[in-house]
Amino acid sequence: MRHLLDTTDLTLKEIDDLISLAEDIIENPDKYAEVCKRKKLATLFFEPSTRTRLSFEAAMMELGGNVLGFSEAASSSASKGESVEDTARMVSCYADIIAMRHPLEGAPRVAADKALVPIINAGDGGHAHPTQTLTDLLTIYREKGTFNNLTIGLCGDLKFGRTVHSLIKAMSRYKNVKFILISLKELSVPEYIKTDVLEPSGCEYMEVEQMEDVMPQLDILYMTRIQRERFFSEEEYLKHKDAFILDTNKLQSAKASLTIMHPLPRVNEISTAVDDDPRAKYFEQALNGKYIRMALIITLLKWGELL
Ligand code: CP
């Protein structure tokens, strides 16, 4: 039984295969319309979500399968004290595959130890969000045609932003990728991302506090939201919330070929005027999330001999 708990659970070849499958699904949706007939996806969301949960559900529906689940811990028996292990073991009786989001880092891994079906980490605390990363990789590939030789600016809350941690882990496996980490010191990437991921990879990286200075160098600008729910106090959040706002002025020095990405939801870190810029790809990115999740569901079910 294979699960997807972290991006590094997948080899580069497996990532390539998922991307190829997603592209085939985009080109030939009818071919996949009944692939998961009679299969069920459970979405166990102990934390709020719009894109991840609904794109997983849309993905399974477009594959001809069915969905069940809950969108908040309060409407599950977690509110009565049921453990993640027991929840995963139980839901394995009702579904063929499970996507789980949980505020506690490592909760999907705990679930995977007891589940009888594949578990997909749909975001665990400030740790990882591997299906967002697959979404990001599909977007990068469709925009750039390669994962190599790219300068990627990551901007905003690099401390709590799990999508950033997962994307760095994924992109640092490719050739000649340079990271420019744009954040306030208080919201810089956790030390382990530098010591355990960036430094061993040999990727060049630099940390800056101004996006304007580095804008002309970037092939990709990955904006992120300040993660209000992970701050210890509202006062701390308010102090940082408008630290970086991308607007049309700041884009004047950017490459014509820049790709602007954001995992969404956006609060106010990208001005809505930027949405009309042809370089803004965050809504396409969200759509890509459905296709790569279709590819992932098929692949995990096949690996588990459930399809
Ligand atoms: N990108 C993302 O994870 O969005 P949701 O929180 O809406 O699922």
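Preceding this paragraph is the structure being described.
This report concerns the structure included in the present document. This one's a predicted model, so the numbers in the text were calculated from it and none came from an experiment.

### Thoughts on the site of the ligand
Phase 1: Taken together, Ser49, Thr50, Arg51, Thr52, Arg101, His129, Gln132, Pro263 and Leu264 form the complete shell of residues around the ligand.
Phase 2: Histidine 129 is positioned such that a nitrogen or oxygen atom in its side chain is 2.8 Å from an oxygen atom of the ligand.
Phase 3: Measuring from a nitrogen atom of the ligand, one finds a backbone N or O atom of leucine 264 at 2.9 Å.
Phase 4: When the free accessible area of the ligand is taken as 260 Å², the share hidden by the protein chains comes to 91%.
Phase 5: In this structure, the ligand is accommodated by the largest pocket.
Phase 6: Considering only residue class, the shell around the ligand consists of 2 nonpolar, 5 polar and 2 charged.

### Some words on the sheet that holds strand β7 (residues 204-208)
Phase 1: With parallel pairing, 5 strands are arranged side by side in an open sheet as β7-β6-β5-β8-β9. This sheet does not close on itself; its edge strands, each paired only once, are β7 and β9 (259-261). Neighbour-to-neighbour, the strand axes of this sheet turn through a mean angle of 15°, independent of strand direction.
Phase 2: Here strand β5 (residues 151-155) pairs with strand β6 (residues 178-182) via 5 bridges, running parallel. From the neighbouring strand, cysteine 155 faces β6, where its bridge partner is isoleucine 182.
Phase 3: The strands that helix α7 (residues 191-201) touches are β6 and β7; relative to β7, the one it contacts most, it runs at about 135°.

### Description of the packing of helix α1 (residues 12-27) against helix α5 (residues 130-144)
Phase 1: Closest axis-to-axis distance for the α1/α5 pair is 10 Å, and the angle between their directions is 70°. Of the possible angle classes, the one that applies to α1 and α5 is roughly perpendicular. Of the residues in α5, those in contact with Ile15, Leu18, Ile19, Ala22, Glu23 and Ile26 of α1 are Leu134, Leu137, Leu138, Tyr141 and Arg142.
Phase 2: Grouping the amino acids of the contact of α1 with α5 by side-chain chemistry returns 9 nonpolar, no polar and 2 charged.

### Notes on the packing of helix α6 (residues 162-171) against α7
Phase 1: Where α6 contacts α7, the axes come no closer than 9 Å and their chain directions differ by 15°. In terms of orientation, α6 and α7 fall into the roughly parallel class. Seen from above, α6 lies across α7 with right-handed handedness. Along its contact with α6, which presents His165, Ile168 and Lys169, the element α7 presents Tyr192, Ile193, Val197 and Leu198.

### Digging into the pairing of strand β3 (residues 97-102)
Regular strands place side chains that alternate from one sheet face to the opposite one.
Phase 1: Among the 6 residues that make up β3, 6 are buried, leaving the element largely enclosed by the rest of the structure.
Phase 2: On β3, burial covers both faces: Ile97, Ala99 and Arg101 on one face and Ile98, Met100 and His102 on the other are all buried.
Phase 3: Here strand β1 (residues 40-45) pairs with β3 via 5 bridges, running parallel. Bridge pairing links threonine 43 to alanine 99 in β3.
Phase 4: You can see the chain leave β3, run along helix α4 (residues 107-114) and come back into strand β4 (residues 119-124), and the turn it takes is right-handed.

### Quick look at helix α3 (residues 84-91)
Phase 1: Every buried residue of α3 is listed here: Val84, Thr87, Ala88 and Val91. Considered in projection along α3, the buried side chains sweep an arc of 95° and stay on one side of the axis.
Phase 2: Residues of α3 that are buried make contact with β1, β3 and α4.

### Observations concerning the side chain of aspartate 136
Phase 1: As for its placement among the helices and strands, aspartate 136 is situated in helix α5.
Phase 2: Separated by 2.8 Å, the side chains of aspartate 136 and glutamine 285 make a polar contact.
Phase 3: Contacts of aspartate 136, omitting those with residues within four sequence positions, involve Leu167, Tyr222, Met261 and Gln285.

### Concerning the side chain of histidine 165
Phase 1: Positionally, histidine 165 belongs in helix α6.
Phase 2: Of the polar contacts made by the side chain of histidine 165, one reaches the backbone oxygen of lysine 159; its length is 3.1 Å.
Phase 3: Dropping the residues within four chain positions of it, histidine 165 is found in contact with Gly126, His127, Leu158, Lys159, Phe160, Pro190, Tyr192 and Ile193.

### As for the layout of surface pockets
Phase 1: The volume enclosed by the largest pocket comes to roughly 400 Å³.
Phase 2: If you go around the largest pocket, you meet 20 residues; those closest to its centre are Arg101, Arg162, Arg225, Leu264 and Pro265.
Phase 3: Listing elements by their share of the lining of the largest pocket, those giving two or more residues are α2 (51-62) and α6.
Phase 4: Split by residue class, the lining of the largest pocket holds 4 nonpolar, 9 polar and 7 charged.

### Observations regarding the pattern of salt bridges
Phase 1: Enumeration according to the criterion identifies 17 salt bridges in this entry.
Phase 2: In this structure, glutamate 14 engages arginine 2 in a salt bridge whose closest nitrogen and oxygen atoms are separated by 2.9 Å. One end of the pair, glutamate 14, is in helix α1; the other, arginine 2, is in the segment before α1, with 12 residues separating them in the sequence.
Phase 3: Accessibility expressed as a relative area gives 17% for glutamate 14, which makes it buried.
Phase 4: On the accessibility criterion, arginine 2 (28% relative accessible area) is partly exposed.
Phase 5: The shortest N-O distance in the salt bridge between arginine 162 and glutamate 47 comes to 3.3 Å. Residue arginine 162 is located in helix α6, and its partner glutamate 47 is located in the loop between β1 and α2; the two are separated by 115 residues in the primary sequence.
Phase 6: Here the salt bridges do not stand alone but share partners, grouping Glu191, Lys194 and Glu207 into one network.

The rules behind the values
- Residues numbered from 1 in each chain as written.
- Predicted model: local features only at pLDDT ≥ 70, side-chain atom pairs only at ≥ 80, totals over all residues.
- Heavy atoms only, no water.
- Near = heavy atom within 4 Å.
- Polar contact = N/O pair within 3.5 Å; in protein donor to acceptor, adjacent residues only side chain to side chain.
- Areas by Shrake-Rupley, 256 points an atom, 1.4 Å probe, with all protein chains shown as cover.
- 1 Å grid on protein atoms, 1.4 Å probe; cavity = no way out; pocket = protein on both sides within 12 Å on 5 of 7 lines; lining within 4 Å.
- Sits in = over half its atoms within 2 Å of the grid points.
- Nonpolar A, V, L, I, M, F, W, Y, C, P; charged D, E, K, R; others polar.
- Pairing = 2+ DSSP bridges.
- Helix = DSSP H or I, 4+ residues; strand = E, 2+ residues; numbered from the N terminus.
- Axes fitted to C-alpha atoms, helices over the stretch in contact; angles between N-to-C directions.
- Contact = heavy atoms within 4.5 Å.
- Parallel < 35°, antiparallel > 145°, perpendicular 65-115°, else oblique.
- Left-handed = near helix turned anticlockwise from the far one by under 90°.
- Buried < 20%, exposed > 50% of the residue type's maximum accessible area, 1.4 Å probe, protein only.
- Right-handed = clockwise from strand over helix to strand, strands pointing away.
- Arc of directions from axis to C-beta.
- Points joined across faces, edges and corners; volume = space filled by probe spheres on them.
- Salt bridge = Lys/Arg side-chain N within 4 Å of Asp/Glu carboxyl O.

All we've got here are geometric facts, nothing functional implied.
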